[in-house]
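Coordinate inspection notes
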Amino acid sequence: MNYATLGRTGLRVSKLGFGGSPLGNEFGDADPAEAERAVHCAIDLGINYFDVAPYYGRALAETRLGDALKGRRDRVILATKCGRYDVASFDFSEARIRASIEQSLRRLRTDYVDVFLAHDIEFVDARQIVEEAIPVMRSLQAQGKARSIGITGLQLNGLRKVAAVAPVDVVLSYCRYNLLVSDMDELLTPLVKEQGAGLINASPLHMGILSSSGPPPWHPASPEVKEMGRRIVESCEQRGVQASDVALQFCLQHPYISTTLAGMSTVEQVRRNVAAGDGTADPALLEEIRSMSASVQNCSWPSGRPENQDHAS
Ligand code: NAD
């Protein structure tokens, strides 16, 4: 396992991180005992970064991760979030964020998190994130409940604009840097780098599209993107390689991303993904995938308020 420093936080994080949303059954029902074994296996194989949120399974993922980390808390770098609680339930008020971290800490069986993130900020007025959420998160950091703080979302301009006026320690972007979409490097990476903040890339498999598991029923990508994912998976299989391995290897080659979060809930996935991280993708295959998918490259989807859409800026 390779490690990198997460911006100025000083945290040495594994380049492959454990995405915790499948622990909350977001990608279909996870077997709780197997999910716990997956967490233990990940730690044994050198993964030290674990990402979760109250939203995943409406607290179930945090509860499961907290149970799995009993006796192992000191071996991991733990990240959770605040502000998003259901598909359409957002609350970035000071009172809710203060209550939220206490609930998360209880479920995670710890008295601090290493990284505390405002979750999917494009769903609310950016001014509330700048003027209320980030200041209260900084005060929780000062109290020692969070070692570092940051923001997450799909809309890159929204993340960039907030970070520009209220610099944070960590920025997490998802579905904007993988084999199908890579505009994160135009719209977000330069500012994050300039500020010396930590950059986390989530959803290297484009939330399942670039894997044999396929996308979950709720996946918001267009039918064309899903169909392209299916073709990529098939064409990799014909060459005797797994698309998920290639997709992970592509992300892990990025020079500034500290950790790439893959959603996992089984020992097999953990073993497979860790092994994939030890290899490198064939450049000719990457080029072939890129040209084959040219017609759908950088096609994302709307998320959040109209004024926060990338196309609106
Ligand atoms: P992903 O691209 O990691 O895909 C996850 C899907 O791929 C799941 O169905 C999983 O079972 C499957 N999978 C994983 N490894 C596989 C393998 N080797 N073979 C076949 N299938 C495999 O998408 P994700 O889970 O959405 O993203 C990773 C993590 O990043 C999340 O779990 C979450 O922790 C974090 N995340 C955060 C945000 C945010 O903060 N706004 C958004 C998205 C993701």
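I will try to describe carefully the structure that is included in this document. (Residues numbered from 1 in each chain as written. Predicted model: local features only at pLDDT ≥ 70, side-chain atom pairs only at ≥ 80, totals over all residues. Heavy atoms only, no water.)

1. Section: the overall build of the protein
Selection criterion: Only DSSP runs of H or I covering at least 4 residues are called helices, and only runs of E covering at least 2 are called strands; the numbering of each starts at the N terminus. Throughout, the radius of gyration refers to the C-alpha atoms, and the reference size of a globule is 2.2 Å times the residue count to the power 0.38. Only heavy atoms enter the contact rule, under which two residues are in contact if any of them lie within 4.5 Å. Note that His is not counted, nor are the chain ends; the positive residues are Lys and Arg, and the negative ones are Asp and Glu. Think of each charge as sitting on NZ of Lys, CZ of Arg, CG of Asp or CD of Glu.
Helix and strand counts for the protein stand at 11 helices and 12 strands. The C-alpha radius of gyration of the protein comes to 18 Å, within 12% of the 20 Å expected for a compact globule of 313 residues. Its C-alpha atoms give the protein principal-axis dimensions of about 55 × 45 × 35 Å. Here the analysis covers contacts within the protein between residues at least 6 apart in sequence; of these, 75% occur between residues at least 24 apart. Between the centroid of the 33 positive side chains of the protein and the centroid of its 38 negative side chains there is a distance of 4 Å.

2. Some words on the sheet that holds strand E9 (residues 146–153)
Our working definition: Two strands qualify as a pair provided DSSP detects at least 2 bridges between them. Whenever a helix is involved, its axis is fitted only over the stretch in contact; in every case the axis is a line through C-alpha atoms, and angles between N-to-C directions fall within 0 to 180 degrees.
Judged by pairing direction, the barrel is parallel, and its eight strands sit side by side in the order E3-E4-E5-E8-E9-E10-E11-E12 before closing back on the first. Going across the sheet, the axis of each strand differs from the next one's by a mean of 30°, ignoring polarity. Sheet topology note: the strand E10 (residues 170–174)/strand E11 (residues 198–202) ladder contains five bridges and is parallel. Bridging across to E11, Ser173 finds its partner in Asn201. Helix-sheet contacts for helix H9 (residues 243–252) involve strand E3 (16–19), E11 and strand E12 (259–263), and the interaxial angle to E12 is about 155°.

3. Thoughts on the side chain of His219
Threshold: Buried means the residue's accessible area, taken with a 1.4 Å probe over protein chains only, is under 20% of the maximum for its type, while exposed means over 50%, and partly exposed covers the values in between. For this analysis, a polar contact is any N or O atom pair within 3.5 Å, provided that within protein one partner can donate a hydrogen and the other can accept it, and provided that sequence-adjacent residues contribute only side-chain to side-chain pairs.
Within the secondary structure, His219 sits in the loop between E11 and helix H8 (223–238). When its relative accessible area of 3% is taken as the criterion, His219 is described as buried. Here His206 takes part through its backbone oxygen, which lies 2.8 Å from a polar atom of the side chain of His219. Ignoring sequence-local partners within four residues, the contact set of His219 consists of His206, Met207, Ile209, Lys226 and Trp301.

4. Considerations on unusual backbone geometry
The phi torsion at Ala59 lies on the positive side, around 90°, for a residue other than glycine. Along the chain, Ala59 falls in the loop between strand E4 (49–51) and helix H2 (60–68). Look at Asn298: it is not a glycine, yet its phi comes out positive at around 65°. Along the chain, Asn298 turns up in the segment after helix H11 (283–292).

5. Some thoughts on the packing of H2 against helix H3 (residues 94–108)
In a packed pair of helices, the relevant descriptors are the angle between the two axes and the axis-to-axis distance. Basically, it comes down to this: When an angle is under 35 degrees it counts as roughly parallel; over 145 it counts as roughly antiparallel; between 65 and 115 it counts as roughly perpendicular; any other value is oblique. For this classification, the nonpolar set comprises Ala, Val, Leu, Ile, Met, Phe, Trp, Tyr, Cys and Pro, the charged set comprises Asp, Glu, Lys and Arg, and every other residue, Gly included, is treated as polar.
The interhelical angle for the contact between H2 and H3, taken along N-to-C directions, is 40°, at an axis separation of 7 Å. Taken together, H2 and H3 sit at an angle that is classed as oblique. Across the interface between the two elements, Glu62, Thr63, Leu65 and Gly66 from H2 touch Ser104, Arg107 and Leu108 from H3. By residue class, the composition of the contact of H2 with H3 is two nonpolar, three polar and two charged.

6. A look at the pairing of strand E8 (residues 113–118)
The condition is simple: Seen with its strands pointing away from the viewer, a crossover is right-handed when the path leading from the first strand over the helix to the second is clockwise.
Burial analysis of E8 places six of its six residues in the buried class, which makes it a mostly covered element. With four bridges joining them, strand E5 (residues 77–82) and E8 adopt parallel strand pairing. Bridged to Lys81 within E8 is Leu117. In this structure, E8 lies alongside E9, joined through five bridges in parallel fashion. When the bridges of E9 are listed, Ala118 appears paired with Ile151. Tracing the backbone out of E8, into helix H4 (residues 126–142) and back to the parallel element E9 gives a crossover that is right-handed.

7. What to know about the packing of aromatic side chains
Formally: In this analysis, rings of Phe, Tyr and Trp, with Trp reduced to its six-membered ring, are considered paired at centre separations within 6.5 Å, and the interplanar angle assigns stacked below 30 degrees, edge-to-face beyond 60, and tilted for intermediate values. Criterion for a charge above a ring: Lys NZ or Arg CZ within 6 Å of the ring centre, and within 35 degrees of the ring normal.
Applying the stated criterion across every chain, the model contains five aromatic pairs. An angle of 45° between the planes, with centres 6.1 Å apart, marks the rings of Tyr55 and Tyr56 as tilted. With a relative accessible area of 12%, Tyr55 lands in the buried category. The class of Tyr56 is buried, set by a relative accessible area of 13%. Here the guanidinium or amino end of Arg84 rests over the ring plane of Tyr55, the centre of that ring lying 4.3 Å away. If you follow Arg84 out to its NZ or CZ, it ends over the ring of Phe123, 4.8 Å from the centre.

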